[in-house]
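Residues per chain are reported as follows:
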Amino acid sequence: MGLTAGIVGLPNVGKSTLFNAITNAKVLAANYPFATIEPNIGVVEVPDYRVDELVKIYKPKKTIYTTFEFRDIAGLVKGASKGEGLGNKFLSHIRTCDAIVQVVRCFDDSNVIHVDGSIDPLRDIETIMIELIFADMEVIEKRLPKIRKRAQLKLDKEAVLEYELLVKLNETLKDQIPIRALNLSADKVKLIKNFSFLTAKPMVYVCNVSDEELSDFSDNEYVKKVEDLAKKENSNTVVISAKIEQELGELELEEKLMFMEELGISRSGLDELIAVSYDILGLKTFLTGGEQEVRAWTYKDGMKAPECAGVIHTDFQKGFIRAETISYADLVEAGSEAKAKENGKFRLEGKDYLTKDGDVFHFRFNL
């Protein structure tokens, strides 16, 4: 269960530079044939210190991290929702993503001309937001006539609920408020899930600052404005320097750490972006370990042990018997599975066990 995020942004905001950094950082290109067929896709490993620690314990032949897929969504111009630029193709690419990452320019540089002639991140955000809103309204306006009669007759309860919700969403969108800002209940989210509304998708605003401001952007008024907007609409922000990210992506690990220390940052912007994206999507990690491999797996918060077994293979879920479980912290403290068992930290969990972030599993199943 990997994460797919679509990167959007107007020309000359740093989108291409950031995506180039992601492309440089990707490590699994050989395992992803589409990476050469679709050059606008970058796959990176999700950094996880827990995997590194388990490698010391199990000394496996293979180590596999979870992955994160970025798609460089090209072709956005004013009027995309009406078919301008790449139009519907652009919008369909976003529709298949789990989250949207919008790069906004938050630095002044007379040598890099903005497409609209001046630097205004809120205007840039509004330009893209309007296109996404128009696309969502079009979906709603096509759907409403199809269920209006059933809803008015009040014989189909689900049709009534759907109609009323869509009418409300349409009015909200007309006020230029994205669906994600509404704090919809779980039932309502489920009701509209199949529509794949663009403004309902989690949004991360990437504030692209100059490399001089990266370690301290507290006085950057552009960033402050974006952060204020993000809070109002239940979105998140990450501050990066796309130029620095591209340089970091070209370095070996030791050089990268030294460069980050010189810059006064504890982790790269890409790592921060991945962490924030995981958080907003409610994604967590469980682990498996042995002589053959140590591996991290992504799961949705709230999943039970059999569902996590199914992340590895559907047969594991179908024939689930139990999950032999040790928490990451207990395993590292003990230093080995055998010692953890001696310490009473080894547990047998059944079908109702709610998986915790960092659980180390051995699944038992029978078909």
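As a reminder, the structure under discussion sits directly above these lines.
Calculation criteria
- Residues numbered from 1 in each chain as written.
- Predicted model: local features only at pLDDT ≥ 70, side-chain atom pairs only at ≥ 80, totals over all residues.
- Heavy atoms only, no water.
- Pairing = 2+ DSSP bridges.
- Helix = DSSP H or I, 4+ residues; strand = E, 2+ residues; numbered from the N terminus.
- Axes fitted to C-alpha atoms, helices over the stretch in contact; angles between N-to-C directions.
- Expected span 1.5 Å × (residues − 1).
- Buried < 20%, exposed > 50% of the residue type's maximum accessible area, 1.4 Å probe, protein only.
- Parallel < 35°, antiparallel > 145°, perpendicular 65-115°, else oblique.
- Contact = heavy atoms within 4.5 Å.
- Nonpolar A, V, L, I, M, F, W, Y, C, P; charged D, E, K, R; others polar.

(A) Up close: the sheet that holds strand β1 (residues 3-8). The strand order β2-β4-β1-β5-β6-β7 describes an open sheet built from 6 strands, whose pairing is mixed. Each of the sheet's edge strands pairs with one partner strand only, and the pair in question is β2 (41-45) and β7 (236-240). Across the sheet, the mean angle separating the axes of adjacent strands is 25 degrees when strand polarity is ignored. Inspection of the sheet shows β1 paired to strand β5 (residues 99-105) by 4 bridges, in the parallel sense. Its bridge partner being in β5, valine 8 is matched across the sheet by glutamine 102.

(B) Quick peek at helix α11 (residues 269-280). Taking 1.5 Å as the rise per residue, α11 with 12 residues should run 16 Å; its terminal C-alpha atoms sit 16 Å apart, in good agreement. If you check which residues of α11 are buried, you get Gly269, Leu270, Asp271, Leu273, Ile274, Val276, Ser277 and Tyr278. Positive phi shows up at glycine 282, right after α11, with a value of about 65 degrees.

(C) Looking closely at the packing of helix α5 (residues 121-153) against helix α8 (residues 221-232). Between α5 and α8, the least distance of the axes is 9 Å, while the angle of their chain directions is 40 degrees. Taken as axis vectors, α5 and α8 run oblique relative to one another. Counted together, Pro121, Leu122 and Ile125 of α5 and Tyr222, Lys225, Val226 and Leu229 of α8 form the full contact between these two elements. Each residue belonging to the contact of α5 with α8 can be placed in one class, and the counts come to 6 nonpolar, no polar and 1 charged.

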